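What follows is each chain in one-letter form.
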Number of protein chains: 2
Amino acid sequence: MTGLLRKTNLDSDLISKIYHYSELGSTNNVARSMILKEKKQGFVIFSKTQSSGYGQRGNYWESPEGGLWCSFAIKPDISPSKIGLIPSLCALSVAKALKSYNISTRLKWPNDILNSSDNKKIGGIIVEGKVSSTILEYLIIGIGINVNNTLDQYSLPLRTNITTTLEITKTNISLFELLNTIIKYLEEGLYKIESGEEKVILLEWKEWDNILGREIVITSNNIEYEGIAKDLTLFGQIILELDDGRKITFSSGHVSLCL
Amino acid sequence: MTGLLRKTNLDSDLISKIYHYSELGSTNNVARSMILKEKKQGFVIFSKTQSSGYGQRGNYWESPEGGLWCSFAIKPDISPSKIGLIPSLCALSVAKALKSYNISTRLKWPNDILNSSDNKKIGGIIVEGKVSSTILEYLIIGIGINVNNTLDQYSLPLRTNITTTLEITKTNISLFELLNTIIKYLEEGLYKIESGEEKVILLEWKEWDNILGREIVITSNNIEYEGIAKDLTLFGQIILELDDGRKITFSSGHVSLCL
């Protein structure tokens, strides 16, 4: 069953349409197909459930009914060299949207949204895209948030590591309203990047950041690096300081905190 | 069946033992277990076949009998900041070893060894490891080379993309001798890095390189970037130049050539 939500309440130049599905394999895969086959962008693919949703490194992403599982297909007018900041901006937009529901989160570089009281995962972001020469051809932003879900909707191993907004607030929230709020913050942020104010994104990130100043392990390119997370760069990279003061900059990787 | 090859003909400070197996899941996994459980290094795990060998991004690596499937577990005395050059050094060492059998190869950043006449893949490298503070705790270097194999030992999809040294030279070569030659070149290269001569590795790589100056697509962190491969850095990174002259540096990624 497929429906097309109208642009009602969607005060956005970025997104003109939201395609609504009951069940999909992966919203990112559907978004990519539509971009490549139909050459369109400026839409959101929204599905009540995903049977084969995925996150970073292709990891399976459990997507039971009640969560926000969607993918944005957009083509913002930003320089390819600034794309590294997009995952951070997306995570930040989700954090700000959740704050408007009084849900307090922290961000773990590059793209995890954690519940601030217990560090359990509320959501994550995966950004895919294509840069041809000087042009950003498209971005697909996959967003997964555990919203109106109970923990028993998830597999046993996951239940100890995640939480949902329902678990936190004991209240259901409107997925469409949440999506709309995320779009608003994403659009504001993209406009800042377009107009050369990407430093603002970085400063805002730091207010929500969970790892700067802490001892972490980054796994990048199959090597584990242990050190202190020192800073983020305007390209969305993280700077790790080793014990001897030498610094290594990473543009991607998986972070774990040293407890 | 497990045997331990003696250090006969192994003129190496880097490797003191070669553990020889008939069949393993993955030589990298066995090497990692031995490092973590028995706290040893300075050895090679060699297996006639692997049932679940893997390469970059966890991709399944077909390992039929006749090929060189092995993993080095070493702890060279090099600075963590220089580790990015290790994958390049390993690929270079394999290329040099194959040259001693008159097999002419080209290298595709970061770690593919291609037959120079038809660009078909002869082998690949995967480097894993751990850096704690200022110390490189260990490196696991997985090496896979299609040697005394016929193409019908591989799955149909792979047959059009790979070749083997047997296909090229119509002659079998000694896997142990090939391994020994690779160890020699790897050890020479590591010594150069230890002694601050890593620029030599970079210059040597450029003699074997297949992509510098060419139009390529790098997929890094889920984004595809199209541009000209301009240069490699002393940290093993590749520099891509976009059409407007802006440059982006990548420390990891999958490269495809634009034909």
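Above this text sits the structure in question.
Model, not experiment: these values are computed from the prediction.

Participant: With reference to specific residues and values, describe the overall build of chain A.
Facilitator: The helix and strand inventory of chain A stands at six helices and 13 strands. By the compact-globule yardstick of 18 Å for 259 residues, chain A fits well, its C-alpha radius of gyration being 18 Å. Burial status across chain A gives 58% buried among its 259 residues. Taken as a whole, chain A presents about 11,100 Å² of accessible surface, with 48% of it coming from carbon and sulfur. Separation of charge centres in chain A, based on 28 positive and 29 negative side chains, amounts to 3 Å.

Participant: Account for the interface of chain B and chain A, naming residues and giving values.
Facilitator: Each partner contributes to the interface: chain B provides 28 residues, whereas chain A provides 28 residues. Summed over both partners, the interface of chain B with chain A buries about 2,700 Å², with 48% contributed by carbon and sulfur atoms. Joining chain B to chain A, the criterion identifies zero salt bridges. Across the chain B-chain A interface, the total number found is 14 residue pairs in polar contact (both at pLDDT 80 or more). Looking at the side of chain B that touches chain A, the elements with two or more residues in it are strand 7 (121–132) and strand 10 (223–232) of chain B. Counting residues per element, the side of chain B that touches chain A draws most heavily on strand 7 of chain B, which supplies seven residues. Class assignment for the residues of the side of chain B that touches chain A results in ten nonpolar, eleven polar and seven charged.

Participant: Could you give an account of the relation of the copies chain B and chain A, naming the residues involved and the relevant values?
Facilitator: Between chain B and chain A, which share one sequence, the superposing operator has a rotation angle of 180° and an axial displacement of 0.0 Å; the RMSD is 0.0 Å. Such a combination of rotation and displacement between the chain copies is what one expects of a two-fold axis. Same-surface contact between copies: 100% of interface residues of chain B are shared with the interface of chain A.

Participant: Could you give an account of the packing of helix 2 (residues 86–99) of chain A against helix 6 (residues 198–208) of chain A, naming the residues involved and the relevant values?
Facilitator: Residues and elements named next belong to chain A. At a closest axis distance of 10 Å, the pairing of helix 2 and helix 6 adopts a crossing angle of 55°. By the angle between their directions, the pair helix 2 and helix 6 is classed as oblique. Judged by the sense of rotation from one axis to the other, the crossing of helix 2 with helix 6 is left-handed. Counted together, Ser88, Leu89, Ala91, Leu92, Ala95, Lys96 and Lys99 of helix 2 and Ile201, Glu204, Trp205 and Trp208 of helix 6 form the full contact between these two elements. A breakdown of the residues in the contact of helix 2 with helix 6 according to their chemical character gives seven nonpolar, one polar and three charged.

The rules behind the values
Residues numbered from 1 in each chain as written. Chains lettered and ligands numbered in written order. Predicted model: local features only at pLDDT ≥ 70, side-chain atom pairs only at ≥ 80, totals over all residues. Heavy atoms only, no water. Helix = DSSP H or I, 4+ residues; strand = E, 2+ residues; numbered from the N terminus. Rg over C-alpha atoms; globule rule 2.2 N^0.38 Å. Buried < 20%, exposed > 50% of the residue type's maximum accessible area, 1.4 Å probe, protein only. Areas by Shrake-Rupley, 256 points an atom, 1.4 Å probe, with all protein chains shown as cover. Lys, Arg positive; Asp, Glu negative; His and termini not counted. Charge placed at Lys NZ, Arg CZ, Asp CG, Glu CD. Contact = heavy atoms within 4.5 Å. Buried area = accessible area lost by both parts, 1.4 Å probe. Salt bridge = Lys/Arg side-chain N within 4 Å of Asp/Glu carboxyl O. Polar contact = N/O pair within 3.5 Å; in protein donor to acceptor, adjacent residues only side chain to side chain. Nonpolar A, V, L, I, M, F, W, Y, C, P; charged D, E, K, R; others polar. Least-squares fit on C-alpha atoms with pLDDT ≥ 70 in both. Axes fitted to C-alpha atoms, helices over the stretch in contact; angles between N-to-C directions. Parallel < 35°, antiparallel > 145°, perpendicular 65-115°, else oblique. Left-handed = near helix turned anticlockwise from the far one by under 90°.

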